[in-house]
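Coordinates in review
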Amino acid sequence: MRIGILTLHRANNYGAALQCFALQETLAALGHEVYVIDYRQPDTEDSYKVFSWKRLQTATQNPLSFIKELFIRIPYSVIQQRGFNSFRRQYLHCTSPVFDAQEIPRNFDAYVIGSDQLWSIQCMNGHIEPVYFGQFPHPDSSKIIGYAISSNIASLEEIGIDRLNKYLPSFNTISLREAGICKWISENTGFSVRQDVDPTLLYDIEKWKALLNNKRPTKNRYILMYFLLPEQKAYAREFAKQHGLHLIEVGKVAYSPKEFLSYVKYADYILGGSFHIAVFSIIFEKRFSIIKKNNDFDIRSSDLLSHLGLTSQFIDIKDLQHVDINRKIEFAASKKALLRLKEQSIEFLRSL
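Residues numbered from 1 in each chain as written. Predicted model: local features only at pLDDT ≥ 70, side-chain atom pairs only at ≥ 80, totals over all residues. Heavy atoms only, no water.

What about the overall build of the chain?
Scanning the chain from N- to C-terminus turns up 14 helices and 11 strands. For a compact globule of 352 residues, the expected C-alpha radius of gyration is about 20 Å, and the chain comes in at 20 Å, within 12% of that figure. With respect to the principal axes defined by its C-alpha atoms, the chain has extents near 60 × 55 × 40 Å. Within the span of the chain, comprising 352 residues, buried residues form 53% of the whole. Taking the contacts inside the chain whose residues are at least 6 apart along the sequence as the reference set, 76% of them involve residues at least 24 apart. When the accessible area of the chain is evaluated, it comes to approximately 16100 Å², of which 50% is carbon and sulfur surface. For the chain, the separation between the mean place of its 43 positive charges and that of its 37 negative charges on side chains is 7 Å. (Helix = DSSP H or I, 4+ residues; strand = E, 2+ residues; numbered from the N terminus. Rg over C-alpha atoms; globule rule 2.2 N^0.38 Å. Buried < 20%, exposed > 50% of the residue type's maximum accessible area, 1.4 Å probe, protein only. Contact = heavy atoms within 4.5 Å. Areas by Shrake-Rupley, 256 points an atom, 1.4 Å probe, with all protein chains shown as cover. Lys, Arg positive; Asp, Glu negative; His and termini not counted. Charge placed at Lys NZ, Arg CZ, Asp CG, Glu CD.)

So, in structure tokens, the structure goes:
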């Protein structure tokens, strides 16, 4: 079967790039001819522009902000863009660029929409993207499949039940990532949906390791910090100081998805606030804590950790002082639980 993937592959975000790669490779291993449809989603393109007149004009209102924009953010974005583009060129099998829903290629037997936060309006600058709801021309004989799509309740309420009832019939099958989102959709629209794991969890650890070299990114022992709120970082600095370890904020040193994986692999401990830092902490069996944001976005990590029996790793930042950094996490039970979930999701993809 010839399959086209629609997802946030253009976001310069580690999780977005790696989940796309993992879904592509998983479908290819099942015998399909797989392409990533190179849809240049306007909000995504705007969010990750290296240079923006609008952003620069806003920064001019504050001299310090202007200096940071000109001499820190823009140079960093140039290097980051280069790293992500290199990863996409090397590892993603993309179609020619597509700038509008009407241009989406019509030569696919199935369109797989997913994974990642495609139904989260926060990731679309407050907008709703109809393409990720299957609203584009395609052959009548083709299927539209949603795979492990993520969202949050606030986004679904903003999208609205009427719009969902209009869009969801476009799908032959809908698979979502979080149990709470599945429940909300089912109860409020009556549509049958299923839950499946993020594609990054379908890809074997040995394959992830094969992307990396065996060289540590730094000689220092370190705690890896990723996606914490500004007010949470002081606690992380104190935690690292308490244990005599360097604190590395991965977003400031890793310019590509491969570098991100390398920093995860060699970390002594991981403090994170995102779903995919939880995923790769589990894949590489690292000691880790996921820090609650105490908002609607916690559903992503809490759902995963609950399914895998790792809820003790999901903590409030003030509880970090009580964490035993040397306590080994027993991953045996979580690996068995993950294997069952993985097998169910692979079987679903096999049946497309």
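Section: the sheet that holds strand β9 (residues 269–272)
Strand order in this open sheet of five strands is β8-β7-β9-β10-β11, and the pairing throughout is parallel. Both edges of this open sheet fall to β8 (246–249) and β11 (314–315), since each of them pairs with a single strand only. Sheet topology places strand β7 (residues 222–226) next to β8; four bridges connect them, and they run parallel. Along β8, the bridge assignment pairs Ile223 with Leu247. Its contacts with the sheet put helix α9 (residues 233–242) on β7, β8 and β9, and the angle it makes with β8 is roughly 145 degrees. (Pairing = 2+ DSSP bridges. Axes fitted to C-alpha atoms, helices over the stretch in contact; angles between N-to-C directions.)

A few points about helix α13 (residues 298–307)
Taking burial as the measure, the 10 residues of α13 include seven buried ones, the bulk of the element. When we look at burial in α13, the residues that qualify are Asp298, Ile299, Arg300, Ser301, Asp303, Leu304 and Leu305. The secondary structure elements touched by the buried residues of α13 are α7 (179–189), β6 (194–195), α12 (275–283), β10 (288–291) and β11. Positioned one or two residues after α13, Gly309 has a phi angle of 70 degrees, which is positive.

Notes on the packing of helix α1 (residues 14–29) against helix α11 (residues 257–265)
At a minimum axis separation of 9 Å, α1 and α11 run at an interaxial angle of 100 degrees. Of the possible angle classes, the one that applies to α1 and α11 is roughly perpendicular. Here Tyr14, Ala17 and Leu18 of α1 lie close against α11, whose contacting residues are Pro257, Phe260 and Leu261. (Parallel < 35°, antiparallel > 145°, perpendicular 65-115°, else oblique.)

A short note on unusual backbone geometry
Glycine aside, residues mostly have negative phi, and peptide bonds are mostly found in the trans state. Residue Ser115 follows Gly114 across a cis peptide bond; omega there is -5 degrees. In this fold, Ser115 is placed in the loop between β3 (110–113) and β4 (143–149). Positioned with a positive phi, Asn125 is a non-glycine residue whose angle comes to about 55 degrees. Position of Asn125 among the secondary structure elements: in the loop between β3 and β4.

Some points on the packing of aromatic side chains
What describes a pair of aromatic rings is the distance from one ring centre to the other and the angle between the planes of the rings. For the structure on display, the rule yields 24 aromatic pairs. Centre to centre, the rings of Phe21 and Trp208 are 6.0 Å apart; their planes meet at 55 degrees, and the pair counts as tilted. Within this pair, whereas Phe21 is found in helix α1, its partner Trp208 is found in helix α8 (residues 205–210), the two being separated by 187 residues in sequence. Assigned by exposure class, Phe21 and Trp208 land together as buried. (Phe/Tyr/Trp six-rings, centres within 6.5 Å; stacked < 30°, edge-to-face > 60°.)

A word on the nonpolar core
Of all hydrophobic cores here, the largest spans 64 residues; its most connected members are Trp208, Leu224, Phe260 and Phe280. Residue contacts for Trp208: discarding those within four places in its chain leaves Leu18, Phe21, Ala22, Thr200, Tyr203, Leu261, Phe280, Ile283 and Phe284. Among the nonpolar cores identified, the runner-up in size contains 36 residues, and Tyr111, Tyr167, Phe171 and Ile299 belong to it. (Core = buried A, V, L, I, M, F, W, Y, C linked by side-chain atoms within 4.5 Å.)

Considerations on the packing of α12 against α13
Close contact between α12 and α13 brings their axes to 8 Å; oriented N to C, the two are set at 25 degrees. Comparing their axes, α13 and α12 come out roughly parallel. Counted together, Phe275, Ala278, Val279 and Ile282 of α12 and Arg300, Ser301, Leu304 and Leu305 of α13 form the full contact between these two elements. Considering only residue class, the contact of α12 with α13 consists of six nonpolar, one polar and one charged. (Nonpolar A, V, L, I, M, F, W, Y, C, P; charged D, E, K, R; others polar.)

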